[in-house]
Structures are given as structure tokens and as C-alpha cells.
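# Structure assessment
Each chain, written out:
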Amino acid sequence: MRIFGMLLLAGVVQGLGFSAKAAVRSGEEAEAGGWLYKEKVYYQEFDSNDVFLQNGEQLYVDMEWSVAESWSVGRPFFLAYKPATGAVLLDSKSGKVIPILHGLKNHPIDILLRNENPENTIAFVQTYVKAEQLWDKELNRVYKRLLAGKSPRAFTKEEKAGLVRSQRQWIKFRDAQRRVISTVFGKRPGTMQRIHYASHVMEVTRTQALRLSSYLLPGGDYY
């Protein structure tokens, strides 16, 4: 198991970045601003806090109705993502960002991971490690937003206290899961086990990040 851990660490040290080709869709190149993902989409209509796109997606956003009053059908946006903002609608005209709270059929982090084309075991491990780091940042971003009362409704004092207690318990759960994942896959032969290890570790954090994101919604829906 020590050799397994050393090999995994070696993969991490050699580099973690997603390739520029995988990080951007629709032939668009990443611009200044640090976006890891950009996909061109087109506006259809706005109702309450839901933006309807022409590709059929219905996105629950953090935006006032008045912002969309001047929008016309077909107005271009980018569905964009970077760790600091999470998934947003980026107005290609004004440059303003609109936080997306719910409705994504595919989260950009999942798309970034899926678009990778690793050539060997180390590269596979790197992609999962990087994805886990992005999910960890997403988890912390959403957690801070919830505590700051930036969800559609402010949490009560009791709800915040419960959230803090729950998150502390989850950290213990996460650490325990990492230990058992390491034990299980570290003892199995074959280089594929390192990939399974990294994938399972990522999924623990991904699941919690999406769970916390669901608390941003009045109805508590999930991605």
C-alpha cells in the first residue's frame, strides 16, 4: 500500500491541469477571467427565477426579473465555470455573470472530466485528483454562501448551526471513506486500482458538494 500511495503522489506532483482543449466547448477559447469552461447558449425566456435556454435547459438563477426585461429571444450567453464563481451565465454583451443555482443537466466539472483523454494511468489519476480538488472548492464556495445567507432565502440561526454540525461530521466521514478506499484498492493488484482509488475519492466530495448545492433552493431539489 505504501508503493500505491507513492505512485499516486507521483502522479499528482507531475501536474494537475485540465488540457485547454478539454476545458472549452463549441470552439471557443478561454479568455481572460480564468474560465475553465465556456459553452455558448442562447436565451429563450425568463420566468420568476428561471432562465429558459433554446437548448431546452431551465436554469434557476440568482437574478432579479428586471435584469431580463430588455433581453430578446436568441440573445447569446456563455454557460461558464471557474472555481471562484461556480457555474454562471456569462452575458457576452455586458460581461456580467448570473449565478446558476439549479437546473444544469451536466455540471461543468463533470464535463471537464469527461472531455479528458488520458494516455496512461498517471494521467487518469491526475484528472480525477484535479476534479476532486474542483469539487472541494465548489463545496466550500456553496457552504460559505449558505452561511452568508446568499441563498434565495436566509437560513435561520438553527439551520446554520445544524449545517455547521453536519459539515463537521461529514469531514470525519470523508476522512474515514478515504482511509477505507485506500485500504481496499491499495491491496488489489494492477495499475487500474490507482484509477479506481482516485475516482472513488472524488465521488465522495462530489456527492457532498451537490447535496449542499441543493440547499440553495427553496424546495431542496438536487442536480
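Quick look at the structure, then. (Residues numbered from 1 in each chain as written. Predicted model: local features only at pLDDT ≥ 70, side-chain atom pairs only at ≥ 80, totals over all residues. Heavy atoms only, no water.)

On to the overall build of the chain, then. Of regular secondary structure, the chain possesses 6 helices and 6 strands. Ordered by position from the N terminus, the helices and strands of the chain form the series α-α-β-β-β-β-β-β-α-α-α-α. For the chain, the residues scored as buried account for 45% of the 223 residues in total. Partitioning the contacts of the chain with sequence separation of at least 6, the portion at a separation of at least 24 is 62%. Of the roughly 12,000 Å² of accessible surface on the chain, a fraction of 51% belongs to carbon and sulfur atoms. (Helix = DSSP H or I, 4+ residues; strand = E, 2+ residues; numbered from the N terminus. Buried < 20%, exposed > 50% of the residue type's maximum accessible area, 1.4 Å probe, protein only. Contact = heavy atoms within 4.5 Å. Areas by Shrake-Rupley, 256 points an atom, 1.4 Å probe, with all protein chains shown as cover.)

Take the side chain of T127 next. By the secondary structure assignment, T127 is in helix α4 (residues 121–147). On the basis of relative accessible area, T127 is assigned to the buried category, the value being 8%.

A barrel is described by the order of its strands in space; here 6 strands give the closed sequence β1-β2-β3-β6-β5-β4, paired in antiparallel fashion. Between one strand and the next, the sheet's axes are offset by a mean angle of 50 degrees, whatever the strand orientation. Both strand β1 (residues 37–47) and strand β4 (residues 76–82) contribute to a ladder of 6 bridges, which runs antiparallel. Looking across to β4, one finds that Y42 is bridged to P76. The strands that helix α3 (residues 108–115) touches are β1, β4 and β5 (86–91); relative to β4, the one it contacts most, it runs at about 80 degrees. (Pairing = 2+ DSSP bridges. Axes fitted to C-alpha atoms, helices over the stretch in contact; angles between N-to-C directions.)

A few words on the packing of aromatic side chains. All told, the structure shown has 3 aromatic pairs when counted by the stated rule. Measuring from ring centre to ring centre gives 5.4 Å for F46 and W65, while their planes differ by 40 degrees; the resulting arrangement is tilted. With a gap of 19 residues between them, F46 in strand β1 and W65 in the loop between β3 (58–61) and β4 connect regions that are remote in the sequence. Ring geometry for W71 versus F77: centroids 4.8 Å apart, planes at 65 degrees, classification edge-to-face. By the burial criterion, W71 is buried, and F77 matches it. An aromatic cluster is built from Y43, W71 and F77, whose rings are joined through pairwise contacts. One residue, K82, lies across the ring of W35, its end atom 4.5 Å from the ring centre. (Phe/Tyr/Trp six-rings, centres within 6.5 Å; stacked < 30°, edge-to-face > 60°. Lys NZ or Arg CZ within 6 Å of the ring centre and 35° of its normal.)

Moving on, we get to the pattern of salt bridges. Using the criterion set out here, one finds 7 salt bridges in the structure. Salt-bridge contacts for D175 lead to R174; the nearest nitrogen and oxygen are separated by 3.0 Å. Residue D175 is classed as partly exposed on the basis of its relative accessible area, which comes to 28%. Given the relative accessible area of 15%, R174 is considered buried. (Salt bridge = Lys/Arg side-chain N within 4 Å of Asp/Glu carboxyl O.)

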